[in-house]
Amino acid sequence: MKLVLLGAPGAGKGTQAVFLKERHGLAHISTGDILRHNLNQGTPLGLEAKKYMDKGELVPDEVVMQMIGERLDSLKPDEGFMLDGFPRTVKQAEFLESKTKIDGVIMFTVSDDDIVKRLLNRAVCRSCGAITNWDNDKCPSCGGELYRRADDNEETIRSRLKVFHEQTEALIEFYKARKLLLEVDATGMPEEIFERVIGLLSHDKN
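Residues numbered from 1 in each chain as written. Predicted model: local features only at pLDDT ≥ 70, side-chain atom pairs only at ≥ 80, totals over all residues. Heavy atoms only, no water.

Caption draft 1: The overall build of the protein, seen in detail. Helices and strands together make up the secondary structure of the protein, namely 8 helices and 8 strands. Scaling as 2.2 N^0.38, a compact globule of 206 residues should have a C-alpha radius of gyration of about 17 Å, and the protein matches this with 17 Å. Here the C-alpha coordinates of the protein stretch approximately 45 × 40 × 30 Å along the principal axes. Per-residue burial over the protein gives 41% buried out of 206 residues. (Helix = DSSP H or I, 4+ residues; strand = E, 2+ residues; numbered from the N terminus. Rg over C-alpha atoms; globule rule 2.2 N^0.38 Å. Buried < 20%, exposed > 50% of the residue type's maximum accessible area, 1.4 Å probe, protein only.)

The following block contains the structure:
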């Protein structure tokens, strides 16, 4: 199974990716993780990306596509995967189409107001990087200290959501035209959302 996970920041893609990995053994290919790896390792692609990031600019499609292409090429021939954070543009989607055949695009839908509430309640562990919420006094994974990301404020969140909607409008139409888009209501408990995802994937196979 080869999937694309699509949704706004805070829609819960990462949490659902963990469930899908446990259920189906899919490789979780996260653009953010790949970018951080290349930056930390000082690879040529990482250094190229850093030039743009240092100026506060988006990393160009060509650089992101090269990083994702290398990761896809490293997979075993029959290995299933889910892409998280890629593609973000039609150009990236066309590149992905040239590399492999996607079985489905899961679109996690949540209202902007709900996402703002989620992200304002988001906490990150300083020790292990786990994402949790402020209902916890410390990290439930390792007991580490929690902190709030600098960009988790309402003005920045709503700005990111506006960019997301503008960026993905054409991408959604691209996948709708190919009958690959599977929309799932991403409100409620994570386990409930996962049951909806499994239901959609099962129905799509029939």
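The rest of the description comes next.
Caption draft 2: Structural view of the pairing of strand 5 (residues 122–125). Neither face of strand 5 is open: one carries Arg122 and Val124, the other Ala123 and Cys125, and all of them are buried. Here strand 5 runs beside strand 6 (residues 131–133); their pairing, made up of 3 bridges, is antiparallel. Considered in strand 6, the bridge of Val124 is made with Ile131. In textbook terms, the turn of a hairpin is the stretch between consecutive antiparallel strands, and for strand 5 and strand 6 this stretch comprises 5 residues, one of which, Gly129, has a positive phi near 80°. In this structure, strand 5 lies alongside strand 7 (residues 146–147), joined through 2 bridges in antiparallel fashion. Residue pairing for strand 7: Cys125 is matched across the bridge by Leu146. (Pairing = 2+ DSSP bridges.)

Caption draft 3: Quick look at the side chain of Thr100. Checked against the element boundaries, Thr100 lands in the loop between helix 5 (90–99) and strand 4 (104–109). When neighbours within four sequence positions are excluded, Thr100 is seen to be in contact with Lys2 and Phe81. (Contact = heavy atoms within 4.5 Å.)

Caption draft 4: Broad picture of the packing of aromatic side chains. Under the definition given, this model contains 3 aromatic pairs. Ring centres 5.1 Å apart and planes at 85° place the aromatic pair Phe174 and Tyr175 in the edge-to-face group. Under the relative-accessibility criterion, Phe174 is labelled buried at 9%. With a relative accessible area of 3%, Tyr175 lands in the buried category. Positioned above the aromatic ring of Phe174 is the side chain of Arg178, whose terminal nitrogen or guanidinium carbon lies 3.6 Å from the ring centre. (Phe/Tyr/Trp six-rings, centres within 6.5 Å; stacked < 30°, edge-to-face > 60°. Lys NZ or Arg CZ within 6 Å of the ring centre and 35° of its normal.)

Caption draft 5: Representation of the side chain of Thr132 in the model. With respect to the element layout, Thr132 can be found in strand 6. Engagement of the side chain of Thr132 in a polar contact is seen with the side chain of Asn136, the distance being 2.6 Å. Thr132 has contacts with Asn121, Arg122, Ala123, Pro140 and Leu146, leaving out every residue within four places of it along the chain. (Polar contact = N/O pair within 3.5 Å; in protein donor to acceptor, adjacent residues only side chain to side chain.)

The quantities given are spatial measurements derived from coordinates; they are silent on function.
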